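# Chain and residue survey
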Amino acid sequence: PNEMLNLALLAQDMTEIKNMYVKKGFPQVEVKYTIDTDKETNKAMITVIVNEKIRVKIAGVKIAGNKKIKTDVIRKMLGTKPAWLFNPGVFNDETLQDDIEKIKAAYDDLGFMDVDVTPKMDYSSEGKVLNVTIEINEGKQYMVGDVTLSGNLVYTEKEIRANIKTKKGKPFSTIMLREDVFLLRQFYYKYGYMNVIVDVEKNLNPQTGSVDLVYSV
């Protein structure tokens, strides 16, 4: 009360209310508002109207299309779980999107850079029960090709390569690449090179189908 009417802030409040309901299992919730203005007092009355619609519970979660990663391993990653004795099984789209990113990251770590993960939603006729199918198209597995070094190499190639875990012929991994960069920086920091810059250039070799890497120091 007695605050300036801020429509941008009001819209943000509506979004927060909607997100709260979505997290509680009401993905179809509608949140609206009306504004009644009293010209005499120059004040406005805001009425928030919430239509909860139907609370959705998850009956089942199916994994399809996976070959390289076992279904049980994927299930352990998921926050989206069916309702049972110790789990309410409330559907949350934000949790599902997080699950998709976790699956993508797991495949990316094995060299499947083109993996596609798509959720398929199958609601019951009354809309209260949901079966989720997570469809995985693994795509091609990319392997590491040539690994070369460039730049101002103060130390020997053997010393530098000792800090690179990514090896030719192994599955390409973005996570491993980041770890290599971290280890190389730590190696140089140890000897006083605090301003060292480590970059990795990735090149897809169309002839071999592998990813060639150039570590620049």
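To start, this report covers the structure provided alongside it. (Residues numbered from 1 in each chain as written. Predicted model: local features only at pLDDT ≥ 70, side-chain atom pairs only at ≥ 80, totals over all residues. Heavy atoms only, no water.)

## What about the overall build of the chain?
Across its full length, the chain carries five helices and eight strands. For the chain, the α and β elements follow one another from N to C terminus as α-β-β-β-α-α-β-β-β-α-α-β-β. Relative to the globule expectation of 17 Å for 217 residues, the C-alpha radius of gyration of the chain, 26 Å, shows a markedly less compact shape. With the principal axes as the frame, the chain shows a C-alpha extent of 80 × 45 × 35 Å. Buried positions account for 31% of the 217 residues belonging to the chain. Surface exposure of the chain reaches about 14,100 Å², of which carbon and sulfur atoms provide 52%. In the chain, the 31 positive side-chain charges and the 30 negative ones have mean positions that sit 7 Å from each other. (Helix = DSSP H or I, 4+ residues; strand = E, 2+ residues; numbered from the N terminus. Rg over C-alpha atoms; globule rule 2.2 N^0.38 Å. Buried < 20%, exposed > 50% of the residue type's maximum accessible area, 1.4 Å probe, protein only. Areas by Shrake-Rupley, 256 points an atom, 1.4 Å probe, with all protein chains shown as cover. Lys, Arg positive; Asp, Glu negative; His and termini not counted. Charge placed at Lys NZ, Arg CZ, Asp CG, Glu CD.)

## Structural notes on the side chain of Asp108
Checked against the element boundaries, Asp108 lands in helix α3 (residues 93-108). It is Arg178 that comes nearest to the buried, bridge-free Asp108 among opposite-charge side chains, at 6.2 Å. For Asp108, the contacting residues outside a window of four places in its chain are Met113, Phe172, Ser173 and Thr174. (Salt bridge = Lys/Arg side-chain N within 4 Å of Asp/Glu carboxyl O. Contact = heavy atoms within 4.5 Å.)

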